[in-house]
Amino acid sequence: MKKACAICAKSKGKRACKQKDGIICPPCCAAIRNSSCADYLHFKASEIYEASKPEYFPQNSFIAAVDEEIEETLDQAMDLVEKGSLEEAENIVAGLLRDNPRYHSTHFSMGVIHIERKRWDEALSCFEKAIDIFPYFWEAHFNKASVCLKKYDLKNAVLAYRRVVEIGDPDEKEVKHAKNFLSDLEQDMLENDGIDLDSYLKSSDRFEQALSCMDNQEWENAIGCFKGCLNIIKRHVQSYGNIGLCHLQLGQKEPAIKAFNQALEIDPDYELAIVNRSLAVAMKDGEKPEPGRIETVDYYKDYPMKGKSYIRSFIQNIKQSLHKKKRQSKTYPSE
């Protein structure tokens, strides 16, 4: 548990104060903040945010204002979270959200509750709303990164951690964690793929662009984007697999099989390529798959990481489909 504020002795102390040489709560921080705090994180953040506001905002208004009463209630709700009383805490925060929809800390607290309940999508939405209200809320960026990792969204986790390092207090343990995470990840990528984080992010953008082309049935453009991804990450299994699918849609059997083989050379257990290669081998030259939307599968996230087999699921789906057709084809005598 955190110590009480060195000024009011009522709320939890959350910020180190150079003036008082101790830990103080956000309301007291806002109340005593002055030019002597010029080198401190929260003074810098408030100045930056103030300078970034559009001209139509009233002078001297600050969107990320601190409300002592709300903060005190949120502290009580977080105490309940620590005690495991999630439902009671959620009811308190939900009431605050109804009355204060533009208060950043309220969305943040609800995000924490969603994390405790493992509601990753809802938690992510809350942290993004908190950031939208106060872009320099580095704790919200940190929690957003943590949720993105739970959702196996490495790209957005990296972007969020970078923001934490950019605007957070270097002495905070979470900021140090973000910095170490990015450093370790980049070192791992350099050793395994020969790329830095900027190259990884660029590759991710190209991959997403390629998937968008596939959604629009722009097969040749998609192939070009996937090859752009491979120019950055030479052994990107999913790009080879998707190139194979695009060639199949163009009726190009041999290039499709070649792409599936390249994917399997990198990962012999890549089940999507195993299945799609088998389907390609059975097709005639120039033959195209039946029109329809290509199923989107995040293979490594949805199958190996969960201990599941795509091939087993694929076969099971075929059996269920055949059984359904068989039942529909039956005829019954009339009464």
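Quick caveat: nothing in here was measured; it's all calculated off a predicted structure.

(A) Focus on the packing of helix 10 (residues 197-215) against helix 12 (residues 237-249). Where helix 10 meets helix 12, the closest approach of the two axes is 12 Å, and the angle between their N-to-C directions is 20°. Judged on the interaxial angle alone, helix 12 and helix 10 are roughly parallel. In this structure, helix 10 meets helix 12 at a crossing whose hand is left-handed. Contacts between helix 10 and helix 12 involve Phe207, Leu211 and Met214 from the first element and Gln238, Ser239, Asn242, Leu245 and Cys246 from the second.

(B) Geometry of the side chain of Ser239. Take Ser239: it is sitting in helix 12. For Ser239, the contacting residues outside a window of four places in its chain are Phe207, Phe226, Cys229 and Leu230.

(C) Highlighting the packing of aromatic side chains. Scanning the entire structure with this criterion turns up ten aromatic pairs. Between Phe108 and Phe137, the aromatic rings sit 5.0 Å apart at their centres with planes inclined by 40°, giving tilted as the arrangement. One end of the pair, Phe108, is in helix 5 (residues 104-116); the other, Phe137, is in the loop between helix 6 (120-133) and helix 7 (138-150), and 29 residues separate them in sequence. Relative accessible area serves as the criterion here: at 18%, Phe108 is assigned to the buried category. The interplanar angle of 80° and the centroid separation of 5.2 Å between the aromatic rings of Tyr270 and Tyr299 together place this pair among those described as edge-to-face. In this pair, Tyr270 is assigned in the loop between helix 13 (253-266) and helix 14 (271-282) and Tyr299 in helix 15 (residues 299-302), connecting sequence segments 29 residues apart. Exposure remark for Tyr270: the relative accessible area of 4% places this residue in the buried category. When the ring centre of Tyr303 is taken as reference, the NZ or CZ atom of Lys308 above it lies at 5.4 Å.

(D) The arrangement of helix 8 (residues 154-167) in detail. Between its first and last C-alpha atoms helix 8 spans 20 Å; for 14 residues at 1.5 Å apiece the expected length is 20 Å, and the two agree. Restricting attention to buried positions, one finds in helix 8 the residues Lys155, Ala157, Val158, Ala160, Tyr161, Val164 and Ile167.

(E) The UniProt feature "repeat: TPR" (unreviewed entry) in the chain, seen in detail. When the UniProt feature table is mapped onto this chain, "repeat: TPR" (unreviewed entry) is found at residues 104-137 and 237-270. For residues 104-137, the end-to-end C-alpha separation is 8 Å, with 79% helix and 0% strand making up the annotated structure. Spanning residues 237-270, this segment combines 79% helix with 0% strand, and its end C-alpha atoms are found 8 Å apart.

(F) Geometry of the pattern of salt bridges. According to the stated counting rule, one finds nine salt bridges in the structure shown. Between Arg102 and Asp132 there is a salt bridge, and its shortest N-O distance comes to 3.7 Å. Of this pair, Arg102 sits in the loop between helix 4 (86-99) and helix 5 while Asp132 sits in helix 6, and the two are 30 residues apart along the sequence. Given a relative accessible area of 54%, Asp132 falls into the exposed group.

(G) Region of the structure containing the packing of helix 6 against helix 7. Viewed as axis vectors pointing N to C, helix 6 and helix 7 meet at an angle of 155°, and their least axial separation amounts to 9 Å. As summarised for this structure, helix 6 and helix 7 are arranged roughly antiparallel, according to the angle between their axes. When you trace helix 6 past helix 7, the crossing you get is left-handed. Taken together, the residues of helix 7 that come into contact with helix 6 (itself represented by Trp120, Ala123, Leu124, Phe127, Glu128, Ala130 and Ile131) are Ala140, His141, Asn143, Lys144, Val147, Cys148 and Lys150. When grouped by side-chain class, the residues that make up the contact of helix 6 with helix 7 number nine nonpolar, two polar and three charged.

Thresholds applied
Residues numbered from 1 in each chain as written. Predicted model: local features only at pLDDT ≥ 70, side-chain atom pairs only at ≥ 80, totals over all residues. Heavy atoms only, no water. Axes fitted to C-alpha atoms, helices over the stretch in contact; angles between N-to-C directions. Helix = DSSP H or I, 4+ residues; strand = E, 2+ residues; numbered from the N terminus. Parallel < 35°, antiparallel > 145°, perpendicular 65-115°, else oblique. Left-handed = near helix turned anticlockwise from the far one by under 90°. Contact = heavy atoms within 4.5 Å. Phe/Tyr/Trp six-rings, centres within 6.5 Å; stacked < 30°, edge-to-face > 60°. Buried < 20%, exposed > 50% of the residue type's maximum accessible area, 1.4 Å probe, protein only. Lys NZ or Arg CZ within 6 Å of the ring centre and 35° of its normal. Expected span 1.5 Å × (residues − 1). UniProt positions renumbered as here; feature names shortened; annotations may be inferred. Salt bridge = Lys/Arg side-chain N within 4 Å of Asp/Glu carboxyl O. Nonpolar A, V, L, I, M, F, W, Y, C, P; charged D, E, K, R; others polar.

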